[in-house]
Each structure stands twice: as structure tokens, then as C-alpha cells.
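Chain by chain, the residues run as shown.
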Amino acid sequence: MSSLQVIHDFHAAIKNANVEALYNCFHKKNGTVEAMKKQYEIVFKEFKLDTQLLSCQKIGEDEVNIVIKDQVKTSKLLGPTFQDNITTNIYVLERGSNNEWKILSSNLIDITYL
């Protein structure tokens, strides 16, 4: 899997409300994975969301990690009150045990409400 593909897979998992596919995008070293999984289970029960990956680019790398920046538009299709938005995120990727790129950490760096 290419480094950018894991980001595409992550957003597809959100769009498809697939907790296991989302979980599979994260590196086992990521200490927030279990909490994040529980959080998304709640979100997926309450909402049907549409995500559009507006941009996705590699912005840095070293011998171990790759840094990806993306911009994503998220819109509510079904569910309680939700503010549609565009987010900018930074991901640090590291190869997992099967040599595939996985999300080691992620940070929201900007949000614009629509």
C-alpha cells in the first residue's frame, strides 16, 4: 500500500461507516487507536457522513516516517445537528509489521465551518 493510499482508505472507511477498516489504517504503536475506535462507533451510530478528499500530498519524510497533509470536506447526510466543514490534517505514517504504511499520529490543524 502506498503512503497516500492509507489516507484514501481512512476517509473511505469514514464515508462507509466501517470501524474495522478505519481501525486497520492505524499503526499498532498509536496509543489512541482503541479510544478512537470507540468514538467512531458512536459517530457511525448517530450519523451518516459524506467525506470528500479535496487534496492529499506528501510534505516530508525521513528514513522511518512520511508526513502527509490533506484537506477534507465532511457533510452530514443523516443524523442530528452537525456542522458541515472542511478540515486540514497532518498525518505521520510509519510502516507496520506487514511493511504497509499505517497512521502513527494525526492532528487537525484547521477547520472551516460551512
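Residues numbered from 1 in each chain as written. Predicted model: local features only at pLDDT ≥ 70, side-chain atom pairs only at ≥ 80, totals over all residues. Heavy atoms only, no water.

### Thoughts on a nonpolar patch on the surface
Where nonpolar side chains cluster on the molecular surface, the patch consists of L108, I111 and Y113 and spans about 310 Å² of accessible area. Tracing the chain through its elements places Y113 in strand 4 (residues 101-113). With relative accessibility at 53%, the residue Y113 sits in the exposed group. (Patch = residues over 30% accessible without salt bridge, like charges linked within 9 Å, V, L, I, M, F, W, Y side chains within 5 Å. Areas by Shrake-Rupley, 256 points an atom, 1.4 Å probe, with all protein chains shown as cover. Salt bridge = Lys/Arg side-chain N within 4 Å of Asp/Glu carboxyl O. Helix = DSSP H or I, 4+ residues; strand = E, 2+ residues; numbered from the N terminus. Buried < 20%, exposed > 50% of the residue type's maximum accessible area, 1.4 Å probe, protein only.)

### Some details on the side chain of T74
As for its placement among the helices and strands, T74 is situated in strand 2 (residues 65-78). Its relative accessible area of 11% is what places T74 among the buried residues. Sequence-distant contacts of T74, that is, excluding residues within four places in its chain, are made with L49, D50, T51, F82, D84 and N85. (Contact = heavy atoms within 4.5 Å.)

### Brief notes about helix 1 (residues 3-15)
Taken together, the buried positions of helix 1 are occupied by S3, V6, I7, F10, H11, A13 and I14. Within helix 1, the buried residues cover an arc of 155 degrees as seen down the axis, which keeps them to one side. Directly after helix 1, the chain includes A17, whose backbone phi takes a positive value near 50 degrees. (Arc of directions from axis to C-beta.)

### Re the sheet that holds strand 2
Sheet strands pair via backbone hydrogen bonds, and the direction of the pair is either parallel or antiparallel. Strand order in the open sheet formed by four strands is 1-2-3-4, and the pairing between neighbours is antiparallel. Of all the strands in the sheet, the pair left with one neighbour each is strand 1 (48-61) and strand 4. Across the sheet, the axes of successive neighbouring strands diverge by a mean angle of 20 degrees, strand direction being ignored. With 11 bridges connecting them, strand 3 (residues 85-95) and strand 4 associate as antiparallel partners. By the bridge assignment, L93 is partnered in strand 4 with I103. (Pairing = 2+ DSSP bridges. Axes fitted to C-alpha atoms, helices over the stretch in contact; angles between N-to-C directions.)

### A few points about the confidence of the model for the protein
When pLDDT is averaged along the protein, the result is 93, and 99% of the positions lie at 70 or above. Here helix 3 (residues 33-46) stands out as the least confident element of the protein, with mean pLDDT 92; strand 3 is the most confident, with 97. (pLDDT = per-residue confidence, 0-100.)

### As for the nonpolar core
In terms of nonpolar packing, the biggest core is built from 20 residues, with F10, L22, F26, L93 and I103 touching the most fellow members. Of all the elements in the fold, those that place two or more residues in this core are helix 1, helix 2 (19-24), helix 3, strand 2, strand 3 and strand 4. When residues of this core are assigned to their parent elements, the largest contribution, five residues, is made by helix 1. Look past the residues within four positions of L22 in its chain and what remains in contact with it is F10, A13, I14, Y40 and F44. (Core = buried A, V, L, I, M, F, W, Y, C linked by side-chain atoms within 4.5 Å.)

### What to know about the pairing of strand 2
Relative to strand 2, strand 1 runs antiparallel, the two sharing 12 bridges. Within strand 2, the residue paired with K58 across the bridge is I68. A loop of three residues connects strand 1 with strand 2, the two strands running antiparallel in sequence. When strand 2 meets strand 3, the two strands line up antiparallel, connected through 10 bridges. Looking across to strand 3, one finds that N65 is bridged to E94. In this antiparallel pair of consecutive strands, strand 2 and strand 3, the connection spans six residues, and G79 shows a positive phi of 125 degrees.

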